[in-house]
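What follows is the residue order along each chain.
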Amino acid sequence: MVDVVVDPEFYYRVRKYEQETDRYKEYRRRWNDNPKNNVVESFPIHLDIEVTNACNYKCYMCFQAFDPPKYGFMDFDLFKKMIDEGEKHGLCSIKLLFRGEPLLHKDIVKMVAYAKQHGVIEVAFNTNASLLTESRAREFIEAGLDKIVCSVDGCTKEVYERIRIGGNFDVVLGNIKRLQEFKKEMGVSHPIVRVQMVDTPKNHHQIPEYIEFWGKIADQVATEALYEWEHMAEDPSVSKEFCCAQLWQRLMILWNGDVVLCCGDNRGRLRVGNVMKDNLADIWQSERLKVYRGLHLKGESHKMEICRRCGLRKSYIVKKSAELQGQTVTIMPSGDASAATLQIKS
């Protein structure tokens, strides 16, 4: 057996409801097909917009607990600038999150409403749900929020509060239940409520109970493997097959307008522009991004520092190697609190 540190993999355990409109289905088709067919549209399909990098929790497995960034909040006018540009280019979806807790932003409901009013098909964000008050729950429904992903790492108070440092399980549970009740009262199916956990050594034993417990409350339940935030060691291995889909799908914008390539760049190492002075369309179609896409298409992702540090890439390389040797691969939580492991058996 060989243990290798890997990036998260995502698993739906319970999945009910998705949008069924023709616009939504076409957006998801492009999301899946564009990377496969090397289709670079005039504008990214999706934007990850970091409304703030501040967080009110110090979860033991997150970089916010041991090396938080300097906190800031996105100006609403900057947000409007991106949505206005996106509307002209048919922007399909946004997620109002990257490194922080979006409910800390005073204008978060206003942002959701503005995006929906300007044609964004899917507006979503992840949250620890601690600040999902009664008034905000109703406001999000009225604003047209499509999906809310609640990060809840357990189904009991003891397990949850050992992981989500600063959180109160009873408050979070009550907030999520109340949101679902309001949806029923108002006769709507949005926002889709997904509850998900990071699979760690502290809660791995709860997965069956977790699925049963939250499956009765949420619309969707999911788990993901633990991210290697602390080490982020470079892996210069060459993979001719690995080609990251994100270069054909999305851009990420930090609270100060800096644009980065992917969700793995939590330190903003590879900045490709700033929306306070650059148009997103120009960044998306820039020569610099053409070079990056070309490296991936040629199997040379290892030549990019941020990609050498990517756990998703590392996971793919390890899996591919195992498959070539006729081995099976299983994601398992590690005894190391900072990482997950890939267990390979012949």
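Residues numbered from 1 in each chain as written. Predicted model: local features only at pLDDT ≥ 70, side-chain atom pairs only at ≥ 80, totals over all residues. Heavy atoms only, no water.

Caption draft 1: Examining helix α7 (residues 169–186) more closely. In this model, α7 (18 residues) spans 26 Å end to end at C-alpha, consistent with the 26 Å of a helix rising 1.5 Å per residue. For α7, every residue scored as buried is listed here: Phe169, Val172, Leu173, Asn175, Ile176, Leu179, Gln180, Phe182 and Lys183. Where α7 is buried, its residues meet α5 (134–143), β6 (147–151), α6 (157–163), β7 (192–199) and α8 (207–215). Where α7 begins, one side-chain oxygen reaches toward the backbone nitrogen of Asp170, 3.0 Å away; that side chain belongs to Asn168. (Helix = DSSP H or I, 4+ residues; strand = E, 2+ residues; numbered from the N terminus. Expected span 1.5 Å × (residues − 1). Buried < 20%, exposed > 50% of the residue type's maximum accessible area, 1.4 Å probe, protein only. Contact = heavy atoms within 4.5 Å. Polar contact = N/O pair within 3.5 Å; in protein donor to acceptor, adjacent residues only side chain to side chain.)

Caption draft 2: Focus on the pattern of salt bridges. In this structure the tally under the stated criterion is 18 salt bridges. A salt bridge links Lys106 to Asp107; the shortest N-O distance between them is 3.0 Å. Accessibility expressed as a relative area gives 12% for Asp107, which makes it buried. Lys290 is the salt-bridge partner of Glu287, the closest N and O atoms lying 3.2 Å from each other. Taken together, the residues Glu287 and Lys290, both in helix α10 (residues 287–297) and three residues apart, mark about one turn of the helix. On the basis of relative accessibility, which here comes to 54%, the residue Glu287 falls in the exposed class. Taking relative accessible area as the criterion, Lys290 reaches 45% and is therefore assigned partly exposed. (Salt bridge = Lys/Arg side-chain N within 4 Å of Asp/Glu carboxyl O.)

Caption draft 3: Spotlight on helix α4 (residues 108–117). When you tally the buried positions in α4, you get seven out of 10 residues, the bulk of the element. Regarding α4, the residues found buried are Ile108, Val109, Met111, Val112, Ala113, Tyr114 and Ala115. Directly after α4, the chain includes Gly119, whose backbone phi takes a positive value near 90°.

Caption draft 4: Region of the structure containing unusual backbone geometry. Cis peptide bonds are those with omega within 30 degrees of zero, and the linkage from His190 to Pro191 qualifies with -5°. Along the chain, Pro191 turns up in the loop between α7 and β7. The phi angle at Asn38 is positive, at roughly 55°, despite the residue not being glycine. Residue position: Asn38 is located in the loop between α1 (22–37) and β3 (46–49). Residue class for Asn38 comes out partly exposed when judged on its relative accessible area of 40%. Phi is positive for Ala129, close to 70°, though the residue is something other than glycine. By the element assignment, Ala129 lies in the loop between β5 (122–127) and α5.

Caption draft 5: Looking closely at the environment of Lys81. Along the chain, Lys81 falls in helix α3 (residues 76–88). The exposure class of Lys81 is partly exposed, given its relative accessible area of 32%. When the C-alpha atoms of Lys81 and Asn279 are compared, they prove to be 9.3 Å apart, with 198 residues separating the residues in sequence. Residue contacts for Lys81: discarding those within four places in its chain leaves Val275, Asp278 and Asn279.

Caption draft 6: Quick peek at the nonpolar core. Ile49, Phe79, Ile94, Leu96 and Trp214 are the most contacted members of the largest nonpolar core, which totals 80 residues. Top contributing element to this core by residue count: α4, with seven residues. Excluding its chain neighbours within four sequence positions, the residues that come into contact with Ile94 are His46, Leu47, Ile49, Phe79, Ile83, Ala115, Val120, Glu122, Val123 and Ala124. Counting six residues, the second-largest nonpolar core is a separate cluster that includes Tyr24, Ile45, Cys92 and Ile121. (Core = buried A, V, L, I, M, F, W, Y, C linked by side-chain atoms within 4.5 Å.)

Caption draft 7: Local environment of the packing of α3 against α4. Direction vectors running N to C along α3 and α4 enclose 20°, while the axes themselves pass 10 Å from each other. Put simply, α3 runs roughly parallel to α4. The handedness of the crossing between α3 and α4 is right-handed. Contacts between α3 and α4 pair Phe76, Phe79, Lys80, Ile83 and Asp84 from the former with Lys110, Met111, Tyr114 and Ala115 from the latter. (Axes fitted to C-alpha atoms, helices over the stretch in contact; angles between N-to-C directions. Parallel < 35°, antiparallel > 145°, perpendicular 65-115°, else oblique. Left-handed = near helix turned anticlockwise from the far one by under 90°.)

Caption draft 8: A look at the pairing of β5. Across the six residues that make up β5, a large majority, six, are buried. Here β5 shows no split at all, with Glu122, Ala124 and Asn126 on one side and Val123, Phe125 and Thr127 on the other all buried. One ladder, built from three bridges, connects strand β4 (residues 93–95) with β5; its direction is parallel. Its bridge partner lying in β5, Ile94 is registered against Val123. Taken together, β4, α4 and β5 form a β-α-β motif whose crossover is right-handed. Judged from the four bridges that link them, β5 and β6 form a sheet pairing that is parallel. Bridge pairing links Asn126 to Val149 in β6. This β-α-β element, β5 to α5 to β6, shows right-handed connectivity. (Pairing = 2+ DSSP bridges. Right-handed = clockwise from strand over helix to strand, strands pointing away.)

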